[in-house]
Amino acid sequence: MKILFKGWQWVGRAMLLLALVAVTVWLGQRIQLLRTSTASLNDTLAKLPEMLSAEAAQQAALTEQKPKLERLQRLLPRREEVGVVAGALERAGAQRTLAVVITDLREAELKDASGTVVTASGPLRDIRITGVATGGPAQLLSWLAAAEQLPYLMRLESWTLRVIESTGASGTSVVAPTASPVPAAAAELAFTFLLSIRYAE
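Summarised in this report is the structure supplied together with it. (Residues numbered from 1 in each chain as written. Predicted model: local features only at pLDDT ≥ 70, side-chain atom pairs only at ≥ 80, totals over all residues. Heavy atoms only, no water.)

### Comments concerning the nonpolar core
Formed by 26 residues in total, the largest nonpolar core has its most connected members in Leu89, Ile129, Trp143, Met154, Phe193 and Leu195. If you list the elements that add at least two residues to this core, you get helix 2 (82-94), strand 1 (99-107), strand 4 (124-135), helix 3 (137-149), strand 5 (154-166) and strand 7 (187-198). Look past the residues within four positions of Phe193 in its chain and what remains in contact with it is Leu89, Ile127, Arg128, Ile129, Trp143, Leu144, Ala147, Met154, Arg155, Leu156 and Glu157. (Core = buried A, V, L, I, M, F, W, Y, C linked by side-chain atoms within 4.5 Å. Buried < 20%, exposed > 50% of the residue type's maximum accessible area, 1.4 Å probe, protein only. Helix = DSSP H or I, 4+ residues; strand = E, 2+ residues; numbered from the N terminus. Contact = heavy atoms within 4.5 Å.)

### A word on the environment of Thr134
Structurally, Thr134 can be placed in strand 4. Along the sequence, Thr134 and Ile164 sit 30 residues apart, while their C-alpha atoms lie 9.8 Å from each other. Dropping the residues within four chain positions of it, Thr134 is found in contact with Leu98, Ala99, Leu140, Ala187 and Glu188.

### Side note on the pattern of salt bridges
Inspection of the entire model under this criterion finds eight salt bridges. One salt bridge connects Arg106 with Asp104, and the closest N-O pair in it is separated by 2.7 Å. Arg106 sits in the exposed class, given a relative accessible area of 52%. Its relative accessible area of 24% is what places Asp104 among the partly exposed residues. A salt bridge links Arg162 to Glu188; the nearest nitrogen and oxygen atoms lie 3.2 Å apart. Taken together, the residues span a long stretch of sequence, with Arg162 in strand 5 and Glu188 in strand 7 at a distance of 26 residues. Judged by its relative accessible area of 34%, Arg162 is partly exposed. Several salt bridges converge on common partners, so that one network encompasses Arg78, Glu80 and Glu81. (Salt bridge = Lys/Arg side-chain N within 4 Å of Asp/Glu carboxyl O.)

### Focus on the side chain of Ser196
Along the chain, Ser196 falls in strand 7. A polar side-chain atom of Ser196 sits 2.9 Å from a polar atom in the side chain of Asp126. Once residues lying within four places of it in the same chain are set aside, the contact partners of Ser196 are Leu75, Leu76, Pro77, Arg125, Asp126, Leu153 and Arg155. (Polar contact = N/O pair within 3.5 Å; in protein donor to acceptor, adjacent residues only side chain to side chain.)

### Digging into a nonpolar patch on the surface
Residues Leu48, Met51 and Leu52 make up a contiguous nonpolar surface patch of about 280 Å² in total accessible area. For Leu52, the location among the structural elements is in helix 1 (residues 2-75). (Patch = residues over 30% accessible without salt bridge, like charges linked within 9 Å, V, L, I, M, F, W, Y side chains within 5 Å. Areas by Shrake-Rupley, 256 points an atom, 1.4 Å probe, with all protein chains shown as cover.)

That's the geometry; what it means functionally is another story.
What follows is the structure, encoded as structure tokens:
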């Protein structure tokens with residue numbers, strides 16, 4: 001009986017020893033994990049001033065670039081603002097006693113190398129603004145110069161000038177060739193501008 005009791009005591013002591021070893025290993029792993037986490041946290045805290053400095057530099061760069069971005073956005077009106085540009089062309093003509101009439105506003109077609117029309121994609125599009133301006137030749141030239149100064153990304157794609165020379169008492173008019181000297185009479189300028197716009201898909 002004593003031998004059996006002593007055997008159980010040894011088994012109990014061995015199990016207790018194994019439990020202590022397991023607890024020690026587990027605690028060691030937890031301590032190692034905490035040390036690793038603490039080291040990582042210390043590294044992050046050490047880099048925090050540098051990260052904050054980099055973020056502040058990025059904010060400063062964004063603030064510095066904001067006026068340029070706003071200017072670019074003004075140069076590229078949205079699709080629904082095309083009428084505003086057409087109105088600006090007409091007002092510039094009225095200031096120079098010209099009759100400016102916008103006859104067509106439509107998206108310019110894109111063609112590939114073979115001449116096939118392709119579907120436009122991307123954030124930018126070109127709008128073709130077609131119209132006629134009538135008035136004195138000097139006023140027409142002044143209007144063209146003013147159109148180029150409008151705060152939009154716009155270029156003159158094509159134009160045709162027709163000088164209308166009065167014949168005098170009869171009140172009829174004839175079209176004079178553009179190569180002849182320009183008289184102090186009315187002229188008609190057919191124009192097409194290409195306006196770049198922001199296109200929200």
